[in-house]
Amino acid sequence: MPDNERRASPIDGDNLRDGIGLALSGGGYRAMVFHAGAIFRLNELGLLPRLDRISSVSGGSMTAAALAVAWRDLQFDANGVAANLRAEFLVPILRQAEDSIDVGSAFGGLLPFVSAADIAAKSYRHNLTGDTELSSLPANPTFVFNATNLMTGATTRFRSDFVADYQIGVIEGLRLKLSDVVACSAAFPPVLSPATIDLSGGTVRPGTQGPHARPPFLGRVAFTDGGVYDNLGSETIWKLYRTLLISNAGKPFAFDEGPAHDWLGQSLRVLDIALDQSEDLRERILAHAYEVAARNGAMWGLTTGLSKPEDRPQMLSEAEYMAAQAVPTRLVRLSRGDQNLLLKAGYAHAASRIRKYFVPERGGPEDLPDGQPPQV
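In this text, all values refer to a predicted model and were calculated from it rather than measured experimentally. Residue numbers restart at each chain and count upward from 1, following the sequence in its written direction. The predicted origin of the model limits local features to residues at a pLDDT of at least 70 and limits the giving and counting of side-chain atom pairs to 80 or more, whereas totals for whole chains, interfaces and linings rest on all residues. Hydrogen atoms and water are omitted, and side-chain values are computed over all heavy atoms in the structure.

Draft legend 1. Expanded view of empty space enclosed by the protein. Grid points spaced at 1 Å over the protein atoms alone were grouped into cavities, where a 1.4 Å probe fits but cannot get out, and pockets, open sets with protein on both sides within 12 Å along at least five of seven lines, with lining residues defined by an atom within 4 Å of a point. Grid points are joined across faces, edges and corners, and a volume is the space filled by probe spheres set on the points. Tallied over the entire structure, the rule returns one cavity of 30 Å³ or more. Here the largest cavity defines a volume of roughly 40 Å³. In this structure, the largest cavity is lined by Val57, Asn146, Thr155, Gly226, Asp230, Glu235 and Thr236. All amino acids are sorted into three groups, where Ala, Val, Leu, Ile, Met, Phe, Trp, Tyr, Cys and Pro are nonpolar, Asp, Glu, Lys and Arg are charged, and the leftover types, Gly among them, are polar. When grouped by side-chain class, the residues that make up the lining of the largest cavity number one nonpolar, four polar and two charged.

Right under this line is the structure:
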């Protein structure tokens, strides 16, 4: 096919907005704290006020919730740097990191009329969100919390002005607690899943109805972790923005010299491989888009530099680089040492990749020397 007849595709950047989208991946408390470190570097570079959308899943939704609640109280100077980021944003995250909830919530969920996800939501309400309602979040930037709808198999997007699932439609008029939304986005299977939210109180916007815009899909809906569908959280920014910042704290893939042969063990291993390959495919598409200038921005993660040691952040020692990857994907209290390690790792990886790829001539910020990562 001649070049002038080549069909445009999303990778080509057709009809994209000139804004900046930030994606925060899943990965439990490890991701929550890692992303917080990255947010501090974005703040130093004056990038926070330039963000148009923040899309998150799972542990990244905890970070996004803390930032969303803090947003209106952040005091930005003329350079777009918030002087009070620690007090308004980081303190709630560190408080959440001290609260072990996955085991307690799982056992609590065994009791009659008690949901593990509801117990997790109570923790988020106490530490991160208070009684904040989703509808009260700022319109700019737009915060999008993603969960996987177990009924439709698609991503459901929760944002201040609506809830949307392309199989159902755009649902308006719901009053939801932000803590409950985070519990849906971070409903780690099987212990914290499913989380349920009643969609019957809203109305489907005319013209947006999907094939399942009817009960029971518009009733009490069961959700699992947003990372099941897209652990990068990139889906809801990829299609819209020319500039993408991707922070990935997903766990490194574990090689297995003696894979299980029993049905359960083999099934779990196959599921692990399938999820890892899905995430790898998204990363490869993003990397290609950056390389051919279809997208601007940068992507960083815990394993950046694993196959090319020269790409590892100079700020991290070899021991720190490996130790950050070894923190488990759990919602168990993080030691002060692990909290500081993950804050440093998120800060260092973001600083390194933005410096290399999101340069001023491609819309990036003027480079600044690395500062001091936040500490507990």
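Draft legend 2. Local environment of the pairing of strand S1 (residues 17–24). A simple rule labels every residue: compare its accessible area, found with a 1.4 Å probe on the protein chains alone, to the largest value its type can have, and call it buried under 20%, exposed over 50%, or partly exposed in between. Numbering of helices and strands runs from the N terminus, with a helix taken as a DSSP run of H or I at least four residues long and a strand as a DSSP run of E at least two residues long. Burial analysis of S1 places six of its eight residues in the buried class, the great majority of the element. When the strands point away from the viewer and the connection leading from the first strand across the helix to the second strand turns clockwise, the crossover is called right-handed. A crossover links S1 with its parallel partner strand S2 (residues 51–57), the connecting element being helix H1 (residues 28–44), and its sense is right-handed.

Draft legend 3. Region of the structure containing the packing of aromatic side chains. The rule is short: rings of Phe, Tyr and Trp, with Trp giving its six-membered ring, pair when the centres are within 6.5 Å, and they are stacked under 30 degrees, edge-to-face over 60, tilted in between. If you walk through the whole model with that rule in mind, you get four aromatic pairs. With 6.4 Å between their ring centres and 35° between their planes, Phe40 and Phe89 make a pair best called tilted. Placement of the pair is Phe40 in helix H1 and Phe89 in helix H3 (residues 85–97), with a sequence separation of 49 residues. Overall, Phe40 belongs to the buried group, its relative accessible area being 13%. For the pair Trp71 and Phe143, a centre-to-centre distance of 6.3 Å together with 75° between the ring planes defines the contact as edge-to-face. Of the two residues, Trp71 sits in the loop between helix H2 (59–70) and H3 while Phe143 sits in strand S3 (residues 142–149), which places them 72 residues apart along the sequence.

Draft legend 4. Summary view of the environment of Phe255. Along the chain, Phe255 turns up in the loop between strand S10 (241–248) and helix H9 (263–291). Using a relative accessible area of 77% as the deciding quantity, one classes Phe255 as exposed. Separated by 18 residues in the primary sequence, Phe255 and Ile273 place their C-alpha atoms 9.9 Å from one another.

Draft legend 5. Representation of the side chain of Ser247 within the structure. As for its placement among the helices and strands, Ser247 is situated in strand S10. Throughout, a residue-residue contact means that at least one pair of heavy atoms, one from each residue, lies within 4.5 Å. Excluding anything up to four places from it in sequence, Ser247 contacts Ala23, Leu24, Ser25, Phe34, His35, Ala38 and Trp300.

Draft legend 6. The packing of helix H5 (residues 116–129) against helix H6 (residues 178–185), seen in detail. Geometry is summarised by axes, namely lines fitted to C-alpha atoms with helices restricted to the contacting stretch, and by angles between N-to-C directions that run from 0 to 180 degrees. Orientation of H5 relative to H6, taken along the N-to-C sense of each, is 125°, at an axis distance of 8 Å. One finds that H5 runs oblique with respect to H6. Relative to H6, the crossing made by H5 is right-handed. For the pair H5 and H6, the contacting residues are Ala117, Ala121, Tyr124, Arg125 and Thr129 in the first and Leu178, Ser179, Asp180, Val182 and Ala183 in the second. A breakdown of the residues in the contact of H5 with H6 according to their chemical character gives six nonpolar, two polar and two charged. Note on terminology: angles under 35 degrees are roughly parallel, angles over 145 are roughly antiparallel, angles of 65 to 115 are roughly perpendicular, and the others are oblique. By convention, the crossing between two helices is left-handed when the near helix turns anticlockwise from the far helix through less than a right angle, and right-handed when the turn is clockwise.

Draft legend 7. The arrangement of the packing of H3 against H5 in detail. Interhelical geometry of H3 versus H5 gives an angle of 145° and a closest axis separation of 8 Å. The segment H3 lies against H5, with Pro92, Ile93, Arg95 and Gln96 engaging Ser123, Tyr124, His126, Asn127 and Leu128. Its residues placed into classes, the contact of H3 with H5 shows four nonpolar, four polar and one charged.

Draft legend 8. Inspection of the side chain of Ser55 at higher detail. Within the element layout of this structure, Ser55 appears in strand S2. Take Ser55: its relative accessible area is 0%, and that puts it in the buried class. Here Ser55 is in contact with Leu22, Ala23, Leu24, Val144, Asn146, Gly233, Thr236 and Ile237, once residues within four sequence places are set aside.

Draft legend 9. Expanded view of the pairing of S3. Counting buried positions along S3 yields eight of eight residues, so the element is predominantly enclosed. A pair of strands is considered paired only if DSSP assigns at least 2 bridges between the two. Of the strand pairs in this sheet, S2 and S3 are connected by five bridges, and their pairing is parallel. Counted as the bridge partner of Val57 is Asn146 from S3. One ladder, built from four bridges, connects S3 with strand S4 (residues 155–158); its direction is antiparallel. Across the sheet, the residue bridging to Thr148 is Thr155, located in S4. If you look at the hairpin formed by S3 and S4, you'll find five residues sitting between the two strands, and Gly153 has a positive phi there, around 75°. Sheet topology places S3 next to strand S9 (residues 220–224); two bridges connect them, and they run antiparallel. Note on S9: the bridge partner recorded for Asn149 is Phe223.

Draft legend 10. View of the environment of Met151. Of note, Met151 is situated in the loop between S3 and S4. Spatially, the C-alpha atom of Met151 lies 7.1 Å from that of Phe217, the residues being 66 residues apart in sequence.

Draft legend 11. Local environment of the nonpolar core. If you look at the biggest cluster of nonpolar residues, it comprises 88 residues, and the most contacted ones within it are Met62, Phe89, Tyr124, Phe145 and Phe158. Here this core takes 10 residues from H1, the largest share from any one element. Contacts of Phe158, omitting those with residues within four sequence positions, involve Leu134, Phe143, Val144, Phe145, Ala147, Val163, Leu176, Val181, Ile197 and Phe223. Nonpolar cores are built from buried Ala, Val, Leu, Ile, Met, Phe, Trp, Tyr and Cys residues. Side-chain atoms within 4.5 Å join them into one set.

Draft legend 12. Up close: the layout of surface pockets. Of the volumes computed, that of the second largest pocket is approximately 210 Å³. If you go around the second largest pocket, the residues you meet are Arg53, Ala154, Thr155, Arg157, Tyr166, Tyr229, Glu235, Thr236, Lys239 and Leu240. Only S4 and helix H8 (235–238) provide two or more residues apiece to the lining of the second largest pocket. Among the residues forming the lining of the second largest pocket, the class breakdown is four nonpolar, two polar and four charged.

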